[in-house]
Amino acid sequence: MADILTSKATAILVFETGDVFHGQGIGATGEAVGEVCFNTAMTGYQEILTDPSYASQIVCFTFPHIGNTGTTDEDEEATTPAARRAARGAIFKASVTPASNWRSEGELGDWLKARGIIGMSGVDTRAVTSFIRDNGMPKGIIAHSETGEFDIADLTEKAKSWGGLVGADLAKDMIDPDNFEWREARWVWPKGHEDKEGTKKVVLIDYGVKRNILRNLTSSGLSVSVVSGTMSAKDILAMKPDGVVLSNGPGDPAATGEYAIPIIKELVEADMPILGICLGHQLLAAALGGKTVKMPQGHHGANHPVKDYTTSKVEIVSMNHGFAVDRDSLPDTVEETHVSLFDGSNCGIRLRGKPVFSVQHHPEASPGPQDSFYLFERFAEAL
């Protein structure tokens, strides 16, 4: 029998444990199952919700006021229609107020609805975050119904029976099937994005790339060709690139690695300069002999301190990952270059004697501080 909520809630979040949170629905109606995580960023909700790395996840925002700057197409990170709908849901503390920003082109609620993303406000996001910190990221289901009628037992069972992210290759659904060239640079006041022609050519292997990674590469003086994550090393090398970038993306790196790792190994053996980011970092580590592990809470936010051992500097970075490289599994040929100062987990590696390196965090800083822009310049100089 449906549980008709007397509180007039029009949205509900149910964990696989049976824990329930009520709220007011916004955006799309219906229901969606996914892994529930929290993000501590104070800005950039649109970039977060269009980051392909959030595929099959329901994002709980710890910052209470989400949506008051509206939305603009210019700030979307995904490059494909499927990736624009990667996130399954969004959870807010306060009700979304009317947009108030000179760049806004629309309201968040309308934007969510157009993309089929379910949102809910009026939620005790501190309680959700505390649950995740104590118990890990649960499987959950978010539902929005204007009638306020929800069958909690049925929703709980759906959350329990969902397969989860371990063993899931989600990158294949985010990849653009068509290769394309990219020339758009970073946003600069007051001109916005301008096209630039680079002096060096790089091939970016797409596992769910963000547009600001492409823009930062372009701003670093590089011409970027984006290719599918399944393109063979032979075909990539035939393009005669000066370097290769392994993009970010969602899912379990061990699953994506079944087809990605052999390609990366061939590129390393061909002495190709390589930069890996997020999922690309994990795939590179696996190709060099390391292993990855599932994290209890993951890292999702724009305030994470990371130390760069190569410079002894600490930078504040943007993070979004639920898997991590197991440093103890790295062979002697691989050097750890970055470490999280929150929990000591690995955040960067490089292959000794070769211009092959990667980082777990997001140096494109979208959203987040721009402390790590130097990594794109470091890569450009290595070419």
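Residues numbered from 1 in each chain as written. Predicted model: local features only at pLDDT ≥ 70, side-chain atom pairs only at ≥ 80, totals over all residues. Heavy atoms only, no water.

Chemist: Honestly, the nonpolar core in this entry has me stumped. Any pointers?
Modeler: The tendency in soluble globular proteins is for nonpolar side chains to be buried side by side. Ranked by size, the top nonpolar core spans 37 residues in total, and within it Leu13, Phe61, Ile91 and Val128 carry the most contacts. Leaving out residues up to four positions away in the same chain, Val128 has contacts with Leu13, Phe15, Phe21, Val36, Cys60 and Val123. Core analysis: the second largest hydrophobic core is formed by 30 residues, Ile263, Leu267, Ala285 and Val356 among them. (Core = buried A, V, L, I, M, F, W, Y, C linked by side-chain atoms within 4.5 Å. Buried < 20%, exposed > 50% of the residue type's maximum accessible area, 1.4 Å probe, protein only. Contact = heavy atoms within 4.5 Å.)

Chemist: What's the story with the pattern of salt bridges in this structure? I'm lost.
Modeler: Close approach of charged atoms allows side chains with opposite charge to pair. The tally for this structure, following the rule as stated, stands at 18 salt bridges. Asp73 is the salt-bridge partner of Arg115, the closest N and O atoms lying 3.8 Å from each other. With Arg115 in the loop between helix 2 (108-114) and strand 7 (118-121) and Asp73 in the loop between strand 5 (57-61) and strand 6 (89-91), this residue pair connects regions lying 42 residues apart in the sequence. Residue classification places Arg115 among the buried residues on the basis of a relative accessible area of 15%. Residues Asp271 and Lys354 are paired through a salt bridge, measuring 2.9 Å at the closest nitrogen-oxygen approach. Here Lys354 lies in the loop between strand 20 (346-351) and strand 21 (356-359) and Asp271 lies in the loop between helix 8 (253-269) and strand 16 (274-277), a separation of 83 residues in the sequence. (Salt bridge = Lys/Arg side-chain N within 4 Å of Asp/Glu carboxyl O. Helix = DSSP H or I, 4+ residues; strand = E, 2+ residues; numbered from the N terminus.)

Chemist: What am I meant to see in empty space enclosed by the protein here?
Modeler: Where empty space is left in the structure can be found by rolling a water-sized probe over the atoms. Following the criterion strictly, the structure yields 2 cavities of 30 Å³ or more and no others. If you trace the largest cavity, you find 18 residues lining it, with Ser53, Gly251, His321, Gly322 and Phe323 closest to the centre. Put simply, the parts of the chain that give the lining of the largest cavity at least two residues each are helix 9 (279-287), strand 17 (291-308) and strand 18 (313-326). Broken down by element, the residue count for the lining of the largest cavity peaks at 4 residues, all from strand 18. Residue composition of the lining of the largest cavity, grouped by class: 7 nonpolar, 9 polar and 2 charged. Computed from the structure, the second largest cavity encloses a volume of approximately 80 Å³. (1 Å grid on protein atoms, 1.4 Å probe; cavity = no way out; pocket = protein on both sides within 12 Å on 5 of 7 lines; lining within 4 Å. Points joined across faces, edges and corners; volume = space filled by probe spheres on them. Nonpolar A, V, L, I, M, F, W, Y, C, P; charged D, E, K, R; others polar.)

Chemist: Any chance you could explain the environment of Ser247 here in plain terms?
Modeler: With respect to the helices, strands and loops of the structure, Ser247 is situated in the loop between strand 15 (243-246) and helix 8. Look at Ser247 and you get buried, because its relative accessible area is 0%. Setting aside chain neighbours within four positions, we find Ser247 in contact with Leu204, Ile205, Asp206, Tyr207, Gly208, Val209, Ile277, Leu279 and Gly280.

Chemist: What is the right way to read the layout of surface pockets from this model?
Modeler: In this model, the largest pocket occupies a volume close to 800 Å³. If you go around the largest pocket, you meet 34 residues; those closest to its centre are Gly44, Glu47, Asp75, Arg103 and Pro367. Counting residues per element, the ones that place at least two in the lining of the largest pocket are helix 1 (45-49), strand 11 (184-188) and helix 6 (211-219). Grouping the constituent residues of the lining of the largest pocket by class yields 10 nonpolar, 17 polar and 7 charged. The computed volume of the second largest pocket comes to approximately 290 Å³. Residue lining of the second largest pocket: 13 residues in total, with Gln297, Gly298, His299, His304 and Phe342 positioned closest to the centre.

Chemist: What is the right way to look at the packing of aromatic side chains in this model?
Modeler: Each pair of aromatic rings is reported with the distance of its centres and the angle of its planes. Counted under the stated rule, the structure contains 5 aromatic pairs. For the ring pair Phe15 and Phe131, a centre distance of 4.8 Å and an interplane angle of 45° mean the geometry is tilted. One end of the pair, Phe15, is in strand 2 (residues 11-15); the other, Phe131, is in helix 3 (residues 125-135), with 116 residues separating them in the sequence. Of the two residues, Phe15 and Phe131, both sit in the buried class. Consider the rings of Trp102 and Trp189, whose centres lie 5.9 Å apart with planes at 85°: the pair is edge-to-face. Of this pair, Trp102 sits in the loop between strand 6 and helix 2 while Trp189 sits in the loop between strand 11 and strand 12 (192-195), placing them 87 residues apart in sequence. The pair Trp102 / Trp189 is uniform in exposure class, with both members exposed. An aromatic cluster of at least three residues, connected via ring pairs, comprises Phe15, Phe21 and Phe131. Lying across the ring of Phe323, Lys294 places its NZ or CZ 5.4 Å from the centre. (Phe/Tyr/Trp six-rings, centres within 6.5 Å; stacked < 30°, edge-to-face > 60°. Lys NZ or Arg CZ within 6 Å of the ring centre and 35° of its normal.)

Chemist: Sorry if this is basic, but what is going on with the environment of Lys160 here?
Modeler: Tracing the chain through its elements places Lys160 in helix 4 (residues 152-161). On the basis of relative accessible area, Lys160 is assigned to the partly exposed category, the value being 46%. The sequence separation of Lys160 and Glu47 amounts to 113 residues, and the corresponding C-alpha distance is 29 Å. Dropping the residues within four chain positions of it, Lys160 is found in contact with Glu16 and Lys139.

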